[in-house]
Number of protein chains: 2
Amino acid sequence: MNITRRDLIKASAATTALGAFGGVSAAAEDPLPSWNEGASKKAILDFVHATTDKSSPKFVPREERIAEFDQDGTLWVEQPVYSEVIYCFDHVGALVKEKPELKDREPFKTVLSGDRKAIAQLPLRELFEIVFATQSGMTVEQFKTEVNKWMTTARDPRWKRKYTELVYQPMLEVLRYLRANGYKTYIATGGSAGFVRAYAEATYGIPPEQVNGTTQAFQYGYDKDQRPVLTREPKAVLDNMEAGKIENFWLCYGRRPYAAFGNSSGDDQQMLEYVKAGTGERLSVVVMHDDATREYAYGPAQGLPDTKVGPLSQAMYDMAKSQNWIVISMKNDWRRIFAFET
Amino acid sequence: MNITRRDLIKASAATTALGAFGGVSAAAEDPLPSWNEGASKKAILDFVHATTDKSSPKFVPREERIAEFDQDGTLWVEQPVYSEVIYCFDHVGALVKEKPELKDREPFKTVLSGDRKAIAQLPLRELFEIVFATQSGMTVEQFKTEVNKWMTTARDPRWKRKYTELVYQPMLEVLRYLRANGYKTYIATGGSAGFVRAYAEATYGIPPEQVNGTTQAFQYGYDKDQRPVLTREPKAVLDNMEAGKIENFWLCYGRRPYAAFGNSSGDDQQMLEYVKAGTGERLSVVVMHDDATREYAYGPAQGLPDTKVGPLSQAMYDMAKSQNWIVISMKNDWRRIFAFET
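As a starting point, this report considers the structure included with it.

How each quantity is defined
- Residues numbered from 1 in each chain as written.
- Chains lettered and ligands numbered in written order.
- Predicted model: local features only at pLDDT ≥ 70, side-chain atom pairs only at ≥ 80, totals over all residues.
- Heavy atoms only, no water.
- Contact = heavy atoms within 4.5 Å.
- Buried area = accessible area lost by both parts, 1.4 Å probe.
- Salt bridge = Lys/Arg side-chain N within 4 Å of Asp/Glu carboxyl O.
- Polar contact = N/O pair within 3.5 Å; in protein donor to acceptor, adjacent residues only side chain to side chain.
- Helix = DSSP H or I, 4+ residues; strand = E, 2+ residues; numbered from the N terminus.
- Nonpolar A, V, L, I, M, F, W, Y, C, P; charged D, E, K, R; others polar.
- Expected span 1.5 Å × (residues − 1).
- Buried < 20%, exposed > 50% of the residue type's maximum accessible area, 1.4 Å probe, protein only.
- Pairing = 2+ DSSP bridges.
- Axes fitted to C-alpha atoms, helices over the stretch in contact; angles between N-to-C directions.
- Right-handed = clockwise from strand over helix to strand, strands pointing away.

### So, the interface of chain A and chain B
Taken together, the contact between chain A and chain B spans 36 residues of the former and 36 residues of the latter. Both faces considered, chain A and chain B share a buried interface measuring about 3,100 Å² in area, 59% of it formed by carbon and sulfur atoms. Our enumeration of links across chain A and chain B arrives at eight salt bridges. We note a salt bridge from A:Glu209 to B:Arg255, for which the minimum N-O separation is 2.9 Å. Summed over the shared surface of chain A and chain B, the result is 18 residue pairs in polar contact (both at pLDDT 80 or more). Every element with two or more residues in the side of chain A that touches chain B is listed here: helix 7 (140-153), strand 2 (184-192), helix 9 (193-204), strand 3 (211-222), strand 4 (228-238), helix 10 (243-252) and helix 11 (265-276) of chain A. Class assignment for the residues of the side of chain A that touches chain B results in 21 nonpolar, five polar and 10 charged.

If you want it as structure tokens, here you go:
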């Protein structure tokens, strides 16, 4: 696995810029009311018109309309830590109760210590050991139940809200707008497919069959009543990061998407490049996190320190400009970020 | 990979039984006109009613309605050789032209000799070498184009027809009937996903994203014009046989199907067992090849020699009976097998 989410845990360098709420008010029929008027919004509207208007030379048949979305940092907040990693940390206690021999073993010992600084310095290999250990040994259905249970109780420390409330309202509008125009919306996440599928339908309106992610192995077997079950195993099978996202488009559904939305140099660069390079009209969009007041500001493209969690590198920013991707400024393009904002 | 398609090539032991065309004529509104009246047809109709009638205690929400179909021997003819294997054999010549050093190397030498008996005795490992070699080194799009080109020219030697004409008319009716009742129809094939996706939409009305199969690796890279492309590599990534089919349900879409249709002990037993063991109303159907006149008759369940290509073992037949799967007799249940029959 060629992994660039090298250090999953590191607090973001939050700067103190003022959030801008400017922009004209949305028209009654506006499908993207949380977006300010501007080039980004116009590009999305233009793309949909060009590919769905039958008289357009760029018309795309309905069955080929696929739009891919990265999740962390593109559909919801990823700072300071991916919520899936917090889920895993929250399950280390239960795991150690079951297997007390792990208590004094790294990396479990460090996670149990609660020492945030030490946790932040855990190398990726050890973090993956925690992910595998806490997401294995149960059936696929039990895991889904456990994720959904956690999602109803866990709270983000900054907003004191459920993680599923930290989705970006402007992106929910884009998802709905695309679907209303015959696009199938997919998630391509570097996180675990099973984790995201647990809540994707309720949160994004995206059914499990349209979520692809990094995947652990499964083991076919029988439960105590001799019923066949599938159990999650502590071993990676599919890497859904970088070019892995594209390989898995072809593995799971066999098409090149017409639109892609991402944010991270580590995970999304190849997907955005590949989608944009297709024939006809294609849309590649990168979300730039530049709103330290309303959300977070991070990434070298803005001269900010490299956060490791989903940064936008200068190289990717330059690629976006030279290949005509759309760069969304959360600060300037989004009138509202969360549904709970007044 | 735990493979039981051990010897892909072996002529079927064709017996000479008379085809039975009995059964009442289809009613005007009959969704399955190529089926004779009987327990098999009734079981399919009953399953659809039970799971789609809102007043039924077994009602299944539309988004959960998934029906899985094996391809070879379930949707189309698999005897005496899988058509995908013939495709690969047909491409050995072109491959050797490109790489003359293969000409004198096994298994290429044997395939080029045209000696059917020697070809039939090639071990599986060598056959897989041919599959990988002839399906690699081109982009995913080029492969699709090549498969479709072949499909328009290649002919089955017995019926002198295109392979895509050798689909079972009664199964096409089941596919349409299920879709008309809100089911998404999927293919779970032991063959290559990329091969089947090339023609599945035109042949079965099943889009590429609903075809899962055994999958070779892909390599992300750039063509001579520096455009990003995905190239097929001679290496297996996913095994979609036996329990592999179930693992890939969870890998690709994350649900347990409500209905499954298969025929082969080697490939389909776990899928049929797993689907039938789900909660609520589930349908598992096994196609028994017992019509030597109109198609082929093979498999130990009928006291016939083990053909290696998709046989129905006695153990799987017994499992079908004890677990209430439906066993379709092609001879008795199908009034018509192919659309081209008069």
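### Regarding helix 11 (residues 265-276) of chain B
Residues and elements named next belong to chain B. If you check helix 11, its first and last C-alpha atoms are 16 Å apart, about what 12 residues at 1.5 Å a residue would give, namely 16 Å. By the criterion of burial, helix 11 is predominantly enclosed, with 11 of the 12 residues buried. Listed in full, the buried residues belonging to helix 11 are Ser-265, Gly-266, Asp-267, Asp-268, Gln-269, Gln-270, Met-271, Leu-272, Glu-273, Tyr-274 and Val-275. A distance of 3.0 Å separates the backbone nitrogen of Gly-266 from a side-chain oxygen at the start of helix 11, and that oxygen is part of Ser-264.

### A word on the sheet that holds strand 5 (residues 259-262) of chain A
Pairing between the strands of a sheet is mediated by backbone hydrogen bonds and can be parallel or antiparallel. All names here are of chain A. Ordered by their spatial adjacency, seven strands build an open sheet running 4-3-2-1-5-6-7, and the pairing between neighbours is mixed. In this open sheet, the two edge strands, each paired with only one partner strand, are strand 4 and strand 7 (326-329). For this sheet, the mean angle separating the axes of adjacent strands, direction not counted, is 30 degrees. Taken together, the four bridges between strand 5 and strand 6 (residues 283-288) define a ladder with parallel strand orientation. Bridging from a neighbouring strand, Ala-260 pairs with Ser-284 of strand 6. Against the sheet, helix 11 makes contact with strand 1 (66-69), strand 2, strand 5 and strand 6, and its axis sits at roughly 160 degrees relative to strand 5, the strand it touches most.

### Focus on the environment of A:Arg336
All names here are of chain A. When you line up the elements, Arg-336 lands in the segment after helix 13 (330-333). Between the C-alpha atom of Arg-336 and that of Asp-239, which follows or precedes it by 97 residues, the distance is 33 Å. Residue contacts for Arg-336: discarding those within four places in its chain leaves Ser-34, Gln-169, Pro-170, Arg-294 and Glu-341. A distance of 3.5 Å separates the side chain of Arg-336 from the backbone oxygen of Ala-339, its partner in a polar contact.

### Things to note about the pairing of strand 7 of chain A
Across a regular strand the side chains alternate sides, sitting on one face of the sheet and then on the other. All names here are of chain A. With burial as the criterion, each face of strand 7 is covered, one bearing Ile-326 and Ile-328 and the other bearing Val-327 and Ser-329. Of the strand pairs in this sheet, strand 6 and strand 7 are connected by four bridges, and their pairing is parallel. Residue pairing across strands places Met-288 opposite Ser-329, the latter belonging to strand 7. Considered for its hand, the β-α-β crossover made up of strand 6, helix 12 (residues 314-322) and strand 7 is right-handed.

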